[in-house]
Every structure is written in structure tokens, then in C-alpha cells.
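# Topology and contacts: notes
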Amino acid sequence: MALKDGYDTGRLIHKLDKRITEYFNFKYSLDDFTVSGLVLTEDIDVGTRENVLAYLKVLHRIGKVKGFSPVAYDCFEDIGSFCLDGNSNSVRFRIYDLASLLEHQLQKIDSDRKKIKSFVRGAQGILRAEVQLTKQRAVRIYTDAADVSGQIAELSANCQDIFMDIVRHIIPFGDFYKKDKVLEIVRKEVTDTILRRKMLRLLALIPEKRSLYLAQKAMKCRDVEKVMDMFAKINVSPVTISKRHKIKYIKNIYAYFNDRIIAKMRVV
């Protein structure tokens with residue numbers, strides 16, 4: 001069941017229930033089934049293919065995240081992407097170059113090539129982000145409704161919060177810079193000497209550990225959230241752009257989000 005912006009959830013639930021009862025000759029209704037998964041999708045327009053690849057390069061430097069591990073999918077082979085699978089929470093996160101994926105699909109089909117080509121043109125400069133809840137237990141964290149129709153209604157009402165809850169857990173807030181520039185900003189903007197020292201320590205550890213989360217663990221700091229809050233306050237990400245990357249600055253990815261976050265929600 002796919003839902004898009006501007007949908008009337010109640011009307012769609014009623015229509016789905018009607019179709020199910022008719023299909024099964026009134027033996028079953030919607031509430032005889034279970035919600036076993038949820039897919040939330042947002043298309044982020046960052047302008048150009050170059051910007052898409054720039055974001056993916058810097059996001060890869062996040063590395064391992066608490067509760068998640070980087071994973072490679074066959075469907076994204078040779079396609080710019082950053083994918084994480086939950087270690088035990090039945091959550092997946094994927095962000096990828098949408099135009100590149102469509103181009104890859106175009107090579108495999110013979111029919112409707114003109115239609116796919118038009119989709120490819122429209123997808124230039126688009127980062128597609130997906131949050132997937134893959135099992136019922138993950139879905140139940142975000143809804144306590146007893147029946148399926150109630151669960152769909154609650155998930156629809158809260159889909160923006162669900163999406164952002166998981167994205168914020170993975171991607172730190174702030175603009176991306178080269179490490180030297182971040183060091184300069186931290187030394188200039190943070191007056192608390194103890195906090196500044198911890199922030200500089202984290203910046204040194206991230207390249208060494210190749211993971212923001214592992215760097216945080218290595219700090220053995222009880223108030224690591226305070227450190228991250230300060231990075232967010234000065235609008236600087238602790239994950240920095242590689243020295244090998246020609247770009248010196250990448251805009252805070254959260255600046256592209258607005259009041260309407262979710263482009264599409266799919267219940268399975």
C-alpha cells in the first residue's frame with residue numbers, strides 16, 4: 001500500500017478494506033492481516049550529479065553507526081550509495097544516486113525506454129533516501145494501535161517523525177568542511193576549553209577509526225551528546241571532507257528538508 005503527499009488516509013484505508021473483503025468474498029477484512037513492514041522515501045534535490053556524488057562521498061565517512069553496520073547491495077553495484085543495515089533492530093537506511101539507479105535499470109529493459117529516459121532526466125541531482133522497517137517488531141515501536149487500520153493511520157500521521165528519528169541517528173547535523181577548516185571554526189567559536197578539547201579530540205579520532213561512532217567510543221566520554229550538540233549549534237559536522245576531494249564545502253543536508261519531508265510511504 002503506497003501513500004503519497006496529499007492523500008486522504010481514511011479514504012484509502014476504507015478503499016483497501018473494501019477491496020480485500022470483496023476479493024476474499026467477505027471472508028477476510030483489512031484487520032485480519034498484519035503490518036509487517038514500512039518504507040519511507042524522500043527525494044532530496046541537491047541540484048547536480050556532482051553534488052549528489054559529493055554528499056555520498058562524505059556520508060561514507062560516517063562509517064559504522066550505533067546499532068547499524070555498512071552493507072553493500074547487489075542492486076547498487078556501480079551506483080553511488082550509502083547503505084546501513086540494523087544489527088538487530090530490523091531497520092535499513094539507504095541513500096543513493098537516483099539517476100544512476102534509473103540509468104542502470106534502463107540498460108536492462110527493452111520496453112518503455114523513452115519513459116525511463118524521461119525519469120532519468122527528472123532524477124538528475126536527486127539523492128533518494130529510504131528508511132525501511134523490515135519486521136513487525138520494528139513497526140510496533142512506532143504504533144500501539146491494536147488493528148491494522150489504526151496502525152496504518154498512526155504510521156501515516158507520524159511518518160515524518162519516524163523518518164527523521166532514524167536519519168538524525170545516522171547523519172550528524174551541520175555543514176561539511178575540510179578538517180583544517182573545521183578545526184579553525186571550533187577553535188574560534190567554542191569558548192568552553194574542556195568542551196573544545198573534546199571536540200578537537202573527536203575530529204582527530206574519526207579518520208583514525210573510520211567511523212564517527214567508533215571515534216565516539218574511543219573518546220570514553222560520558223557527555224559525548226554534549227559534544228555533538230555543540231557541533232550542531234555551530235552548524236558544523238564532525239565528519240569532514242576527504243583531503244583527496246576537490247570540494248571544500250558541502251551544505252548541511254538538513255537544509256534541504258522542509259515541513260513536508262516524506263515523498264512516499266509504503267506499508268507492507
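### Examining the pairing of strand S5 (residues 91–97)
With six of seven residues buried, S5 is to be regarded as a mostly interior element. Here strand S4 (residues 81–86) pairs with S5 via five bridges, running antiparallel. Its bridge partner lying in S5, Asp85 is registered against Arg92. Between the antiparallel neighbours S4 and S5 lie four residues, among them Ser90 with a positive phi of about 60 degrees. Bridge count between S5 and strand S6 (residues 126–133): seven bridges; the pairing is antiparallel. Among the inter-strand pairings, Arg94 is bridged to a residue of S6, identified as Glu130.

### What to know about unusual backbone geometry
Positive phi outside glycine occurs at Arg210, with the angle close to 55 degrees. Inspection of the secondary structure puts Arg210 in the loop between helix H8 (193–209) and helix H9 (212–219). Relative accessible area serves as the criterion here: at 69%, Arg210 is assigned to the exposed category. Of note, Lys220 is a non-glycine position whose phi angle comes to about 50 degrees, a positive value. Secondary-structure assignment places Lys220 in the loop between H9 and helix H10 (224–233). Residue class for Lys220 comes out exposed when judged on its relative accessible area of 76%.

### Re the side chain of Gln151
Inspection of the secondary structure puts Gln151 in helix H6 (residues 148–170). A distance of 3.2 Å separates the side chain of Gln151 from the backbone oxygen of Ala145, its partner in a polar contact.

### Some thoughts on the pattern of salt bridges
Counted by the stated rule, this structure contains eight salt bridges. Between Arg128 and Asp43 there is a salt bridge whose closest N-O contact spans 2.7 Å. Separated by 85 residues along the polypeptide, Arg128 in strand S6 and Asp43 in strand S2 (residues 38–45) bring together distant segments of the chain. On the accessibility criterion, Arg128 (22% relative accessible area) is partly exposed. Owing to a relative accessible area of 28%, Asp43 belongs among the partly exposed residues under this scheme. In this structure, Lys198 and Asp223 form a salt bridge, with 3.0 Å as the shortest nitrogen-oxygen distance. Here Asp223 lies in the loop between H9 and H10 and Lys198 lies in helix H8, a separation of 25 residues in the sequence. When its relative accessible area of 25% is taken as the criterion, Lys198 is described as partly exposed. Here the salt bridges do not stand alone but share partners, grouping Arg49, Asp97 and Glu103 into one network.

Quick notes on the rules
- Residues numbered from 1 in each chain as written.
- Predicted model: local features only at pLDDT ≥ 70, side-chain atom pairs only at ≥ 80, totals over all residues.
- Heavy atoms only, no water.
- Buried < 20%, exposed > 50% of the residue type's maximum accessible area, 1.4 Å probe, protein only.
- Helix = DSSP H or I, 4+ residues; strand = E, 2+ residues; numbered from the N terminus.
- Pairing = 2+ DSSP bridges.
- Polar contact = N/O pair within 3.5 Å; in protein donor to acceptor, adjacent residues only side chain to side chain.
- Salt bridge = Lys/Arg side-chain N within 4 Å of Asp/Glu carboxyl O.

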